[in-house]
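Examination of the molecular architecture
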Amino acid sequence: MSVSQVGPRNTIGDVPLEWYKDEEHIGYDVAGKKIKKKERLDKLDSFLARTDDANSWRKIIDDIEDEEVELTKEETKLIRRMLKGKAPHADFDPHAVSAFVIIFVSKRNERCSTGSIQPYVDWFAWDGAKHPLSNAPEPKRRFIPSKWEAKKVVKYIRAIRKGLIKFDKPKEEPRFYNLWGDEHDKSGHGLSYIPAPKPKLPGHDESYNPSLEYIPTQEEISAYQLMFEEDQPKFIPKRFASLRSVPAYEKSVRESFDRCLDLYLCPRARKKRVSVAQINIDPESLKPKLPSRKDLKPYPTTCYLEYKGHKGPVASICTDPSGQHIASGSHDGTVRIWEVETGRCIKIWELGEPVQHVAWNPLPELPILAVSMGQDVLVLNTGLEKEENKKIEDLLRVETLSVPDESGCAGSSVSWSQYDKYEGIRIKHFKTVSSVEWHRKGDYFSSVMPADILLFFGSYFSVLIHLLSKKITQRLPYKLHGLPVCSTFHPTRSIFFVATKKNVRVYDLLKKKSMKKLEAGVREISSISIHPGGDNVIVGSKDGKLCWFDMDLSSKPYKILNSHPKDITNVAFHRSYPLFASSSDDCTAYVFHGMVYSDLNQNPLIVPLEILHGHTSVNGRGRCVGLQVPPEAAMVVHCRSRFCNQALLPLDLDVSCGSLRVFSRRWEVVDSAFAQDEFVRFFSENAKLSGEALIGSRS
């Protein structure tokens, strides 16, 4: 069987050979085994081989089979005829074919060509035909250049000039190459490939007759022996008269063995683990540099004052927008209003049912308080307005017992009625209400019913928004994927936040669509608070973790603070100072410094400041609530860690076990014994406390 009759050894077909450029094989044989690439000679070796072989000009390399093929004499003749533009075979007559074409075209145009031509095989019998194949004249498009093709050519030329179309430049081989380099090492071996180390080339010091400057003295040789073995030079130069007098290298076997280990085990070095003390580095310099706590004042530090009056645990507190009064709700079924400056209890509502949450209207001209207890939400008039305000009376008047809302069937589940016992409105829900939050304009407020058995109503009616001026109730036009825990409004925009047990969903109330989902990645969310700027959110969880979200950055937490060993009950931002806090069932409250910069390229700065102690637990849980007040004040109210600012007393209030505890953050204001005596005398003469006011000591 001849070579031409043998089938190809490589069975890759039309697969480009460039795909195998970086591989160790060139294809697969019939049995499916890899065909290994043969080792190519470099240019110097191939040149020497061509000079010794007389038939080297006939040898070519078959890239597909990766082998060297020697051409025969017949094949060389065919190549020479093709280079001259002739037919490959000598017995082929091209004129016989051209004669057929000339006569065929002549018959189509009804013209006859004369001349001596060779006979041909007429495959089309023309004799006896009455008409030609077609009588139509030749179309113009066969003679006139195409305008469409000209436009296409101009379009491509402009694209090439603008750089929109780029041609692959031919790969130029380097003119010079490293004679001692290993070209086969350039092939890809994967991302984790580490090339074998190359031995160091010999220098002048390894010559048999080096210069005198390379030869060490006897003192230097003695110093080498005192060094550690790894620090000693591996070769000491010596001089010999001639190359013949050079003895065998005594370490040749050892170095060959080390070289084999390097090639087998890849380059390696014995690294010493150096401690921080050995390299003279201060361990404190490795810690992140945080600003000093003294530069971040004011913030609450010391227990200063405690209000007592409630008989049960205080569940919630809130301040009016002016910061002069505090409203507190307790499990003893009462809601009290306290005067911040004097500690005097101004008003008491006995509701007869445990209070879950209290929220003050954010508008100063509307001193209205929203109270949630059981399945009812009460909107009460505090009576703190200086003049008789008819607007409040109109807002708290219900003409009909129940007003259906615009959103469907929510009106049948919620009823508005007049609360005759106290001046206010009673909104009856179908499940227990856990929290109430006001909108910044003071007309809307939301209520959350985190019940596990909402059944048909599902997550559609677990969060309701009430309009006080029109006495209507609306449900959210979105389905909540999960049980809601709490909700809050954006401080500046028409955005609504709803926190479920696993994530926080952000809704646009104007466009009525979901904007974002913040994934906390915690066991169960317990509380949420929005930064006054509106771009940052903190979330507390029941596994003691506090998550800080940057809404412009990502839907994942920017920072996760794992500070409390027990459940976090509430988190809150300060309205004016860069402070935020978290309170927990472990009877502690953590105060942090959280600075948000206007520069979007700078991350928020979070610094832990203080841990507030002194709370007591009820049934194993530290009942804590918090406050919020306007930015012109200077007091922080703690216990579920919301903040209250008051201009006269820079304090921090805590609520636990039926008492309100005040923490001072500027103790030097009342640091003297005289100031304490005057303060006690002022309370005993002018204040009518329903409980007792205790002045804490400096410790």
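Throughout this description, residue numbers start from 1 for each chain and increase along the sequence as written. A pLDDT threshold of at least 70 governs which residues receive local features in this predicted model, and a stricter bar of 80 or more applies before side-chain atom pairs are shown or counted, although totals over entire chains, interfaces and linings include all residues. Side-chain metrics in this entry use all non-hydrogen atoms of the structure; hydrogen atoms and water are not considered.

On to the overall build of the protein chain. Secondary structure elements are taken from DSSP: a helix is a run of H or I of four residues or more, a strand is a run of E of two residues or more, and numbering for both begins at the N terminus. Secondary structure summary: the protein chain contains nine helices and 34 strands in total. Residue burial is assigned from relative accessible area. The probe radius is 1.4 Å, only protein chains are included, and a residue is buried under 20% of its type maximum, exposed over 50%, and partly exposed in between. A total of 699 residues make up the protein chain; the buried ones form 36% of that total. It only takes one pair of heavy atoms within 4.5 Å for two residues to be counted as in contact. Excluding contacts between residues fewer than 6 apart, the proportion of contacts in the protein chain whose partners are at least 24 apart in sequence is 48%. Counting only carbon and sulfur atoms, one obtains 54% of the accessible surface of the protein chain, whose full area is about 45,100 Å². Per-residue and other accessible areas follow the Shrake-Rupley method at a 1.4 Å probe size, with only the shown protein chains counted as cover for residues.

At least two bridges found by DSSP between two strands is the condition for calling them paired. Taken in spatial order, the four strands of this open sheet run β27-β28-β29-β30, and their pairing is antiparallel. Single-partner strands in this sheet number two, and they are β27 (568–573) and β30 (605–612). Neighbour to neighbour, the strand axes of the sheet diverge by 20 degrees on average, direction disregarded. Fitting a line to C-alpha atoms yields each axis, with helices limited to the stretch in contact; the angle taken between N-to-C directions then spans 0 to 180 degrees.

Turning next to the nonpolar core. The criterion is simple. A nonpolar core is a set of buried Ala, Val, Leu, Ile, Met, Phe, Trp, Tyr and Cys residues joined through side-chain atoms within 4.5 Å. In terms of nonpolar packing, the biggest core is built from 24 residues, with Ile368, Trp416, Ile425, Phe445 and Leu468 touching the most fellow members. Broken down by secondary-structure element, the contributors of at least two residues to this core are β11 (368–373), β12 (376–381), α7 (390–395), β14 (424–428) and β15 (435–438). If we ignore the near neighbours within four places in the chain, the residues touching Ile368 are Ala359, Trp360, Asn361, Val379, Leu380, Ile392, Leu395, Trp438 and Leu468.

Over its 16 residues, helix α4 (residues 147–162) runs 23 Å from end to end, which matches the ideal 22 Å to within 8%, given 1.5 Å per residue. Here α4 starts with a cap whose side-chain oxygen sits 3.4 Å from the backbone nitrogen of Trp148, and that cap is Ser146. After α4 finishes, the residue Gly163 shows a positive phi value of roughly 90 degrees. One less than the number of residues in a helix, times 1.5 Å, gives the span that helix is expected to have. Each polar contact in these results corresponds to two N or O atoms within 3.5 Å; when the atoms are within protein, one needs to be able to donate a hydrogen and the other to accept it, and residues that are neighboring in sequence are counted only if both atoms are side-chain atoms.

What goes into a patch is any residue over 30% in relative accessible area without a salt bridge, connected to like charges within 9 Å or, for nonpolar side chains (Val, Leu, Ile, Met, Phe, Trp, Tyr), within 5 Å. Note on definitions: salt bridges are taken to be side-chain nitrogens of Lys or Arg within 4 Å of carboxyl oxygens of Asp or Glu. Taken together, the side chains of Tyr156, Ile160, Leu164, Ile165 and Phe167 define a hydrophobic patch exposed on the protein surface, amounting to about 540 Å² of accessible area. By secondary structure assignment, the location of Tyr156 is in helix α4.

Turning next to unusual backbone geometry. Looking along the chain, the bond that leaves Lys297 and enters Pro298 is cis, with omega of 5 degrees. Locating Pro298 in the fold gives a position in the loop between α6 (252–265) and β5 (302–308). Of note, Lys512 is a non-glycine position whose phi angle comes to about 55 degrees, a positive value. Along the polypeptide, Lys512 turns up in the loop between β21 (503–508) and β22 (513–519). We note that Cys587 has phi near 65 degrees; this positive angle belongs to a residue other than glycine.

Our focus in this paragraph is the sheet that holds strand β23 (residues 525–530). The four strands are arranged β23-β24-β25-β26 in an open sheet whose pairing can be described as antiparallel. The sheet terminates laterally at β23 and β26 (559–562), the two strands that pair on one side only. Looking at each pair of strands side by side, their axes are set apart by 20 degrees on average, direction ignored. Note: strand β24 (residues 536–541) against strand β25 (residues 545–550), five bridges, orientation antiparallel. Within β25, the residue paired with Gly540 across the bridge is Leu546.

So, about the packing of aromatic side chains. Between 30 and 60 degrees the pair is tilted, below 30 it is stacked and above 60 it is edge-to-face, where a pair is any two Phe, Tyr or Trp rings, Trp via its six-membered ring, whose centres lie within 6.5 Å. This model, assessed by the stated rule, comprises nine aromatic pairs. Between Trp548 and Phe580, the ring centres sit 5.3 Å apart and the planes meet at 65 degrees, which makes this aromatic pair edge-to-face. Note that Trp548 is positioned in strand β25 and Phe580 in strand β28 (residues 579–584), a separation of 32 residues in sequence. Each member of the pair, Trp548 as well as Phe580, carries the same accessibility label: buried. Ring centres 5.0 Å apart and planes at 15 degrees place the aromatic pair Phe580 and Phe592 in the stacked group. Of this pair, Phe580 sits in strand β28 while Phe592 sits in strand β29 (residues 589–595); the two residues are twelve residues apart in sequence, bridging distant segments of the chain.

As a further point, take the pairing of strand β8 (residues 334–339). Among the six residues of β8, five are classified as buried, and the element is accordingly described as predominantly covered. Bridging between strand β7 (residues 325–330) and β8 involves five bridges; their strand directions are antiparallel. Its bridge partner being in β8, Ala327 is matched across the sheet by Ile337. Counted along the chain from β7 to the antiparallel partner β8, the turn is three residues long, and its residue Gly333 has a positive phi close to 85 degrees. In this antiparallel pair of consecutive strands, β8 and strand β9 (residues 345–350), the connection spans five residues, and Gly343 shows a positive phi of 75 degrees.

Mapped onto the secondary structure, His466 falls in strand β17 (residues 463–467). Among the residues examined, His466 registers a relative accessible area of 0% and is labelled buried. One polar contact links His466 to Ser447, side chain to side chain, over a distance of 2.9 Å. Each residue touching His466, except ones within four places of it in the same chain, is listed here: Val414, Trp416, Ile427, His429, Asp443, Tyr444, Phe445, Ser447, Ile472 and Thr473.

This paragraph deals with the environment of Asn536. Mapped onto the fold, Asn536 is located in strand β24. Judged by relative accessible area, which is 3%, Asn536 ranks as buried. C-alpha separation for the pair Asn536 and Tyr558, spaced 22 residues apart in sequence, amounts to 9.7 Å. What Asn536 contacts, discounting residues up to four positions off in sequence, is Ser529, Ile530, His531, Trp548, Phe549, Asp550, Phe573, Val596 and Pro604. In terms of polar contacts, Asn536 uses its side chain to reach the side chain of Trp548, at 3.0 Å.

Let us look at the pattern of salt bridges. On inspection of all chains with the given rule, the structure shows 15 salt bridges. Across the pair Glu65 and Arg9 runs a salt bridge whose closest N-O atoms are separated by 3.8 Å. Linking Glu65 in the loop between β3 (59–62) and β4 (67–70) with Arg9 in the segment before β1 (25–28), this pair joins segments that are 56 residues apart in sequence. You can call Arg9 partly exposed: its relative accessible area is 37%. A salt bridge links Arg426 to Asp376, with the shortest nitrogen-to-oxygen separation between them at 2.5 Å.

To continue, consider the confidence of the model for the protein chain. Mean pLDDT for the protein chain: 76, with 73% of residues reaching 70 or above. pLDDT is defined as a per-residue confidence score from the predictor, taking values between 0 and 100. Throughout residues 267–271 the model reports pLDDT below 50, and contacts reaching past four residues in sequence, or to other chains, amount to five contacts. Counted against residues more than four places away or in other chains, residues 402–409, with its pLDDT under 50, gives 20 contacts.

On to the environment of Leu290. Along the polypeptide, Leu290 turns up in the loop between α6 and β5. Overall, Leu290 belongs to the partly exposed group, its relative accessible area being 47%. Each C-alpha atom of the pair Leu290 and Ile606 lies 8.9 Å from the other, and the pair is 316 residues apart in sequence.

Quick look at a positive patch on the surface now. Residues scored as positive are Lys and Arg, those scored as negative are Asp and Glu, and His as well as the terminal groups of each chain are ignored. Charge coordinates come from a single atom per side chain, which is NZ of Lys, CZ of Arg, CG of Asp or CD of Glu. Taken together, Lys73, Lys77, Arg80, Lys84 and Lys86 make up a surface patch of like positive charges. Checked against the element boundaries, Lys84 lands in the loop between α2 (73–83) and α3 (94–108). On the basis of relative accessible area, Lys84 is assigned to the exposed category, the value being 66%.

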